[in-house]
Amino acid sequence: MIRCDGLVKIYKSSDLEVVALQGLDLQVADGELMAIIGSSGSGKSTLLNMLGGLDRPSAGKLFVDGKDMLTMSDRALIRYKRDTVGFVWQNNARNLIPYLTAQENVELPILLKGRRKKTRALELLDAVGLQHRRHNRLSELSGGEQQRVAIAIALANEPKLLLADEPTGSLDSKTANQVLDLFRRLNQEFGLTIVIVTHDPQLARKVDRVVAIRDGRTSSEMIRSANAEENAASDKQEESAAESHVEYAVIDKAGRLQIPAAYLDNEAFKDHTRVRVDWEDGRIVLTPPETVKAER
Ligand SMILES: Nc1ncnc2c1ncn2[C@@H]1O[C@H](COP(=O)(O)OP(=O)(O)OP(=O)(O)O)[C@@H](O)[C@H]1O
Ligand SMILES: [Mg+2]
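We now turn to the structure provided with this report. (Residues numbered from 1 in each chain as written. Chains lettered and ligands numbered in written order. Predicted model: local features only at pLDDT ≥ 70, side-chain atom pairs only at ≥ 80, totals over all residues. Heavy atoms only, no water.)

## Some points on the overall build of the protein
Within the protein, the secondary structure is distributed over twelve helices and 13 strands. Within the protein, counting contacts between residues at least 6 apart in sequence, those at least 24 apart form 63% of the total. In the form shown here, the protein has an accessible surface area of approximately 16300 Å², with 50% of it arising from carbon and sulfur atoms. (Helix = DSSP H or I, 4+ residues; strand = E, 2+ residues; numbered from the N terminus. Contact = heavy atoms within 4.5 Å. Areas by Shrake-Rupley, 256 points an atom, 1.4 Å probe, with all protein chains shown as cover.)

## Brief notes about the nonpolar core
Ranked by size, the top nonpolar core spans 39 residues in total, and within it Val-106, Val-149, Ile-151, Phe-183, Ile-194 and Ile-196 carry the most contacts. Counting only elements with at least two residues in this core, the list comes to strand 3 (33-37), helix 4 (102-113), helix 5 (117-127), helix 6 (143-154), strand 7 (161-165), helix 7 (173-190), strand 8 (193-197) and helix 8 (201-205). Apart from residues lying up to four places away in sequence, Ile-196 is in contact with Leu-33, Met-34, Ala-35, Ile-36, Ala-164, Pro-167, Leu-180, Phe-183 and Leu-203. Among the nonpolar cores identified, the runner-up in size contains 29 residues, and Leu-47, Met-69, Val-85 and Trp-89 belong to it. (Core = buried A, V, L, I, M, F, W, Y, C linked by side-chain atoms within 4.5 Å. Buried < 20%, exposed > 50% of the residue type's maximum accessible area, 1.4 Å probe, protein only.)

## Examining the side chain of Thr-218
Tracing the backbone through its elements, the reader meets Thr-218 in strand 10 (residues 217-224). Classification of Thr-218 by relative accessible area gives buried; the value is 10%. Of note is the side chain of Thr-218, whose polar atom sits 2.7 Å from the backbone oxygen of Asp-25. Those residues within four positions of Thr-218 in sequence are excluded, and the remaining contacts are Leu-24, Asp-25, Val-211, Ala-212, Ile-213, Val-250 and Gln-258. (Polar contact = N/O pair within 3.5 Å; in protein donor to acceptor, adjacent residues only side chain to side chain.)

## So, the packing of aromatic side chains
A ring pair, where both rings are aromatic, is described by two values, the distance of the centres and the angle of the planes. Within this structure, the stated rule accounts for one aromatic pair. Their ring planes at 5 degrees and their centres at 4.4 Å tell us that Phe-87 and Trp-89 sit as a pair that is stacked. This pair shows no difference in class: Phe-87 is buried, exactly as Trp-89 is. (Phe/Tyr/Trp six-rings, centres within 6.5 Å; stacked < 30°, edge-to-face > 60°.)

## Digging into the site of ligand 1
As a structural note, the neighbourhood of ligand 1 is formed by Tyr-11, Val-18, Ala-20, Ser-39, Ser-40, Gly-41, Ser-42, Gly-43, Lys-44, Ser-45, Thr-46 and His-199. Between ligand 1 and Lys-44, the relevant distance is 2.7 Å, taken from an oxygen atom to a side-chain nitrogen or oxygen of the residue. Considered on its own, ligand 1 offers 640 Å² of accessible surface; in the complex 58% of this is hidden by protein. Mapped onto the shell around ligand 1, the elements with two or more residues apiece are strand 2 (17-28) and helix 1 (44-51). Among the elements that line the shell around ligand 1, the one with the most residues is helix 1, at three residues. Partitioning the shell around ligand 1 into residue classes produces three nonpolar, eight polar and one charged. (Near = heavy atom within 4 Å. Nonpolar A, V, L, I, M, F, W, Y, C, P; charged D, E, K, R; others polar.)

## Quick notes on the packing of helix 6 against helix 7
Two elements in contact, helix 6 and helix 7, have axes separated by 9 Å at closest approach and are oriented at 25 degrees. Here helix 7 runs roughly parallel to helix 6, going by the angle between their axes. With respect to the hand of their crossing, helix 6 and helix 7 are arranged in right-handed fashion. Every residue of helix 7 that contacts helix 6 at Gly-144, Gln-147, Arg-148 and Ile-151 is listed here: Thr-175, Gln-178, Val-179, Leu-182, Phe-183 and Leu-186. Split by residue class, the contact of helix 6 with helix 7 holds five nonpolar, four polar and one charged. (Axes fitted to C-alpha atoms, helices over the stretch in contact; angles between N-to-C directions. Parallel < 35°, antiparallel > 145°, perpendicular 65-115°, else oblique. Left-handed = near helix turned anticlockwise from the far one by under 90°.)

## Points about the side chain of Glu-221
Secondary-structure assignment places Glu-221 in strand 10. A polar atom in the side chain of Glu-221 sits 3.1 Å from the side chain of Arg-209. Setting aside anything within four residues of it in sequence, one finds Glu-221 in contact with Arg-209, Val-210, Val-211, Val-246, Glu-247, Tyr-248 and Val-250.

If you want it as structure tokens, here you go:
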């Protein structure tokens, strides 16, 4: 569904350049449910905007659903946004119109696309478990219910790819869990590919793969371990992301690898800008230069 190679995004203002993405590599398979984590300013929303066709990359390669997002014409980009992707934001104000009812909110995008709006709106509200609240105004719904209306709207154009930027950011953990369960169900039942940007480590536990972005680059990937899958099946709840997932560092095309900051803070590696790289019995071993000297 998604292939990024060395993706670069530079924001230019009159006298300032911000490199928001600096050579990001990422692949997402068709039908995958995955999360992107990273600290504030690491480039998560920038990436989502590129994936959603809301903004153009500056350089590198980006293919979504087989379409080249760098060379696509403006008209094709509009069509792509209309037919291929759905968006869910953290802030409901960006998703919804407050003075309309749940059903009217969902009918709106369908109206714009000219379909049998009422039945379709009810189908969508049903898919997110909100049929019974359809006549309530947005102000009468809880945060989680409002977010589910937003998800119904994002599904109105039957997208192949659902992009969610901090969708549970303003929800308590119980409501956040309901929204997440909905994502899982949409993924399993309809094969929808879903990319969720989040700060929430709880959320990371619930998806198969978590990609960490650091300074506009993919630095590591956490893959759900087979062990954890069994635990999830047997409904064992309170496990941390560390127990349920195995963390991998990402090696890019040029063979570059980002070493976790915590390891580099260790006394042995602190203040060194080079390491010795050796091959030992199927392992690649990094040794700080001091030790190398001492051995000789
Ligand atoms: N439209 C813009 N113009 C200029 N700089 C921008 C623009 N949008 C983002 N940036 C900068 O690009 C970098 C990445 O921003 P981005 O919004 O992608 O971060 P983020 O990972 O989503 O952070 P957060 O977790 O706080 O939402 C930041 O340094 C930000 O200031
Ligand atoms: Mg953001």
